[in-house]
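Descriptive structure summary
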Amino acid sequence: MPVARMLRQVVGQMLGRPACGCWTSAPLARFLGTSPRQIPADANFYSSSFSGTDQPRVLITGGLGQLGVGLANFLRKRFGKDNVILSDIRKPPDHIFHGGPFIYSDILDYKNLREIVVNNRITWLFHYSALLSAIGEANVSLARAVNITGLHNVLDVAAEHNLRLFVPSTIGAFGPTSPRNPTPDICIQRPRTIYGVSKVHAELMGEYYHYRYGLDFRCLRYPGIISADSQPGGGTTDYAVQIFHDAVKNGKFECNLKSSTRLPMMYIDDCLRATLEVMEAPAESLSMRTYNVNAMSFTPEDLAQELLKHIPEFQITYNVDSVRQAIADSWPMNFDDSNARKDWGWKHDFDLPELVTTMLNFHGSDTRVAQAN
Ligand SMILES: NC(=O)C1=CN([C@@H]2O[C@H](COP(=O)(O)OP(=O)(O)OC[C@H]3O[C@@H](n4cnc5c(N)ncnc54)[C@H](O)[C@@H]3O)[C@@H](O)[C@H]2O)C=CC1
Ligand SMILES: CC(=O)[C@H](N)C(=O)O
């Protein structure tokens, strides 16, 4: 069939569809016959490969970063160790390799990704691979490849194999022209980082695949995530993790953001619980496919004041990194997550005082303070 006629057919089919309905026809690629990527014609609104009685078979991409190992441990408690496969392009340390299934997966290699999904009968995919905001500005072409091309591979594999797909977005998906205090779910999104641009792209592509092909796409915009047992991967909110290490080890911290820089933040336990809760939410409870989630909002100065209550000799100094500061100044100060609370019952557990107590308990500050006295 001539290409022009095929295109006319495709466009005709697209225009003939109801504006708000769920599309179940095959993608453009199938009609043009040029791509190996086939999305099933019977792909539907719900993930049919996972029924309520089965355990999901989970793949986590980019799993060796700040959040992935915690997510794997959390999901393994729920679904069983062998049902959750952690993957990355890096070599795992011994305790992670022996802690449960680990596999090499490069999201830029579409065939590798598809093989893993097929061979392991994956039904849920948590797509964590990314280059974060600060490191992305230092390597724009790699960030573009991993965050955009990689996402395309993940979307195609997920749609082709009827997976339920979670992709995290971020406060970084907003920019200086967005309302910043608070930032609602739906507003202007004109981020000025490649990270933010790629995350807006991910939100829109995931939602497009949902409406066009019935992909069960779910997305949360995370605030800065604070974890005790894993290192951040090159973001703007990294200071809020590093401050605990330095406070406990040295009693002082040099902050790369101004003392008054207010950003939304969340403790990792809340983040992981939110992620599982939105994945388990009945599809009919989701009025949207991308939600803000929030817990607290603070400045470096607020955090230092809270730390001082536990470590009286703690000192904070400021040596501002202009790249990170410009990014932070364009991000939300407070996040409006009322839709998540209304639709699927999101409720955070950790505010600033609980966060600081929990982090210091983990780092063993009692010992250090006792020694200092
Ligand atoms: N940590 C945070 O505060 C927040 C994280 N997020 C999102 O959550 C997700 C996970 O974040 P983190 O664990 O902090 O990120 P991270 O930067 O610590 O880890 C990302 C992982 O992706 C892997 N990766 C890089 N290129 C890859 C490739 N070609 N194929 C497969 N894996 C590759 C890296 O090896 C790394 O282990 C990311 O999508 C991030 O955007 C969103 C908001 C806040
Ligand atoms: C908030 C994020 O997305 C991340 N921690 C970053 O600072 O880049």
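Residues numbered from 1 in each chain as written. Chains lettered and ligands numbered in written order. Predicted model: local features only at pLDDT ≥ 70, side-chain atom pairs only at ≥ 80, totals over all residues. Heavy atoms only, no water.

**A look at the pairing of strand β7 (residues 216–222)**
Among the seven residues in β7, seven count as buried, and that is most of the element. Covered by surrounding structure in β7 are Asp216, Arg218, Leu220 and Tyr222 together with Phe217, Cys219 and Arg221, the residues of both alternating faces. Pairing of strand β5 (residues 164–166) with β7 involves three bridges; the strand directions are parallel. What sits directly across from Leu165, in β7, is Phe217. Relative to β7, strand β6 (residues 169–170) runs parallel, the two being bridged by two bridges. In the sheet register, Ser169 faces β7, and the bridge partner there is Arg221. Bridging between β7 and strand β11 (residues 290–292) involves three bridges; their strand directions are parallel. Paired with Leu220 across the bridge in β11 is Tyr291. (Buried < 20%, exposed > 50% of the residue type's maximum accessible area, 1.4 Å probe, protein only. Helix = DSSP H or I, 4+ residues; strand = E, 2+ residues; numbered from the N terminus. Pairing = 2+ DSSP bridges.)

**Overview of the site of ligand 1**
Near ligand 1, the surroundings consist of 26 residues, among which Gln66, Asp88, Arg90, Asp106 and Tyr195 are the closest. For ligand 1, a nitrogen atom lies 3.1 Å from a polar atom in the backbone of Ile107. In the environment of ligand 1, an oxygen atom lies 3.3 Å from a nitrogen or oxygen atom belonging to the backbone of Tyr128. Isolated, ligand 1 exposes 820 Å² of accessible area, and the fraction of that covered by the protein chains is 93%. (Near = heavy atom within 4 Å. Polar contact = N/O pair within 3.5 Å; in protein donor to acceptor, adjacent residues only side chain to side chain. Areas by Shrake-Rupley, 256 points an atom, 1.4 Å probe, with all protein chains shown as cover.)

**Here's the deal with the site of ligand 2**
Close to ligand 2 lie Leu132, Ser133, Thr170, Ile171, Tyr195, Gly235, Thr236, Thr237 and Trp331. Contacts to ligand 2 include Ser133, whose side-chain N or O atom sits 2.5 Å from an oxygen atom. Between an oxygen atom of ligand 2 and a main-chain N or O atom of Thr236, the distance comes to 2.6 Å. Calculation on ligand 2 without its partners gives an accessible area of 250 Å², and the protein chains cover 93% of this total. Placement of ligand 2 is best described as lying within the largest pocket. (1 Å grid on protein atoms, 1.4 Å probe; cavity = no way out; pocket = protein on both sides within 12 Å on 5 of 7 lines; lining within 4 Å. Sits in = over half its atoms within 2 Å of the grid points.)

**Observations concerning the confidence of the model for the protein**
Across the protein, the average pLDDT comes to 89, with 83% of residues at or above 70. Under a pLDDT of 50 for its full length, residues 1–36 has, in the predicted model, 47 contacts with residues more than four places off or in other chains. Within the model, pLDDT remains below 50 along residues 41–52, and this stretch shows 30 contacts once partners closer than five positions in the same chain are excluded. (pLDDT = per-residue confidence, 0-100. Contact = heavy atoms within 4.5 Å.)

**Concerning the state of the cysteines**
One pass over the structure, following the stated rule, counts zero disulfides. Considering cysteine sulfurs only, Cys219 is the nearest to Cys187, which forms no disulfide, with 14 Å between them. Here Cys271 is not disulfide-linked; the sulfur of Cys219 is the nearest cysteine sulfur, at 12 Å. (Disulfide = S-S within 2.5 Å.)

**Side note on empty space enclosed by the protein**
All told, the structure shown has one cavity of 30 Å³ or more when counted by the stated rule. Taken as a whole, the largest cavity holds about 60 Å³ of empty space. In this structure, the largest cavity is lined by His127, Ser129, Ala130, Val146, Asn147, Leu151, Val167, Ser198, Lys199 and Ala202. In terms of residue class, the lining of the largest cavity is built from five nonpolar, four polar and one charged. (Points joined across faces, edges and corners; volume = space filled by probe spheres on them. Nonpolar A, V, L, I, M, F, W, Y, C, P; charged D, E, K, R; others polar.)

**Quick word on the UniProt feature "domain: NAD-dependent epimerase/dehydratase" (unreviewed entry) in the protein**
Residues given the UniProt feature "domain: NAD-dependent epimerase/dehydratase" (unreviewed entry) here are residues 58–293. A distance of 23 Å separates the end C-alpha atoms of residues 58–293, which is 42% helix and 18% strand. (UniProt positions renumbered as here; feature names shortened; annotations may be inferred.)

**Brief notes about the packing of aromatic side chains**
This model, assessed by the stated rule, comprises twelve aromatic pairs. A centroid spacing of 5.9 Å and a plane angle of 80° characterise the contact between Tyr291 and Trp344, whose relative ring orientation is edge-to-face. Pair noted here: Tyr291 is in strand β11 and Trp344 is in helix α13 (residues 338–344), with a separation of 53 residues, a long-range link. Residue class for Trp344 comes out buried when judged on its relative accessible area of 11%. An aromatic cluster is defined as three or more aromatic residues linked by ring pairs; in this entry it consists of Phe79, Trp124, Phe126, Tyr128, Phe166 and Tyr222. (Phe/Tyr/Trp six-rings, centres within 6.5 Å; stacked < 30°, edge-to-face > 60°.)

**Let's talk about the nonpolar core**
Membership of the largest hydrophobic core comes to 71 residues, with the highest contact counts inside it found for Ile60, Phe244, Phe298, Leu303 and Trp344. Those residues within four positions of Trp344 in sequence are excluded, and the remaining contacts are Leu220, Ala274, Glu277, Val278, Ala281, Ser285, Leu286, Tyr291 and Val293. Counting residues in hydrophobic clusters, the runner-up holds 28 residues, among them Ile107, Leu113, Ala158 and Cys219. (Core = buried A, V, L, I, M, F, W, Y, C linked by side-chain atoms within 4.5 Å.)

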